[in-house]
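The primary structure of each chain is shown beneath.
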Amino acid sequence: MRTLLNLIWLVLAGFWLAVGYAVAGLICCILIVTIPFGIASFRIAGFALWPFGRTVVDRRGAGAGSVLGNIIWVVLAGWWLALGHLVTGIALCVSIIGIPLGLANFKLIPISLLPLGKDIVSTDEAFGAR
């Protein structure tokens, strides 16, 4: 089921979201100061490309630098990215078929809002193999 949802997601939304985050990552990597934001954008691009079966967890050892970087990120980009995912998720949830895709958009909100100090892992790793 994950693969089917990921393929539908990839065709309808994931590819363009991933391209957008990758372009933002490239722009952020132009300046040395914003390289951590670029790396976070690339990480989000991979998650946006194939979100089903993966989840976001806190990274161990993420310290004050992540907190400071997340504050800067929220002010510059995070709030409008999260708002975009929220609006798109609500729009997708209008139809029965779009509900899983809307939920995937809602799943992208926390990492698009606060990406530093987070890791993306498979749900099997995060919750233990069942």
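Residues numbered from 1 in each chain as written. Predicted model: local features only at pLDDT ≥ 70, side-chain atom pairs only at ≥ 80, totals over all residues. Heavy atoms only, no water.

Observations concerning the packing of helix H1 (residues 2-30) against helix H2 (residues 35-49)
Line of reasoning, step 1. Taken N-terminus to C-terminus, the directions of H1 and H2 make an angle of 170°; their axes are 8 Å apart at the nearest point. In terms of orientation, H1 and H2 fall into the roughly antiparallel class.
Line of reasoning, step 2. Across the contact of H1 with H2, the residue classes break down as 18 nonpolar, four polar and no charged. (Axes fitted to C-alpha atoms, helices over the stretch in contact; angles between N-to-C directions. Helix = DSSP H or I, 4+ residues; strand = E, 2+ residues; numbered from the N terminus. Parallel < 35°, antiparallel > 145°, perpendicular 65-115°, else oblique. Nonpolar A, V, L, I, M, F, W, Y, C, P; charged D, E, K, R; others polar.)

A word on the UniProt feature "transmembrane region" (unreviewed entry) in the chain
Line of reasoning, step 1. When the UniProt feature table is mapped onto this chain numbering, "transmembrane region" (unreviewed entry) sits at residues 30-50, 62-81 and 87-106.
Line of reasoning, step 2. Measuring from the first to the last C-alpha atom of residues 62-81 gives 22 Å, for a span that is 90% helix and 0% strand.
Line of reasoning, step 3. Structurally, residues 87-106 is divided into 70% helix and 0% strand, and its ends, taken at the C-alpha atoms, are 9 Å apart. (UniProt positions renumbered as here; feature names shortened; annotations may be inferred.)

A few points about the environment of Arg59
Line of reasoning, step 1. Relative to the elements of secondary structure, Arg59 occurs in the loop between strand E1 (54-58) and helix H3 (64-92).
Line of reasoning, step 2. Taking relative accessible area as the criterion, Arg59 reaches 33% and is therefore assigned partly exposed.
Line of reasoning, step 3. Residues Arg59 and Phe47 lie twelve residues apart in sequence; the distance between their C-alpha atoms is 16 Å.
Line of reasoning, step 4. The contact partners of Arg59, leaving out residues within four places of it in the chain, are Arg43, Gly117, Lys118 and Asp119.
Line of reasoning, step 5. Engagement of the side chain of Arg59 in a polar contact is seen with the backbone oxygen of Lys118, the distance being 3.1 Å. (Buried < 20%, exposed > 50% of the residue type's maximum accessible area, 1.4 Å probe, protein only. Contact = heavy atoms within 4.5 Å. Polar contact = N/O pair within 3.5 Å; in protein donor to acceptor, adjacent residues only side chain to side chain.)

Description of the environment of Val33
Line of reasoning, step 1. Checked against the element boundaries, Val33 lands in the loop between H1 and H2.
Line of reasoning, step 2. For the pair Val33 and Ala64, spaced 31 residues apart in sequence, the C-alpha to C-alpha distance is 16 Å.

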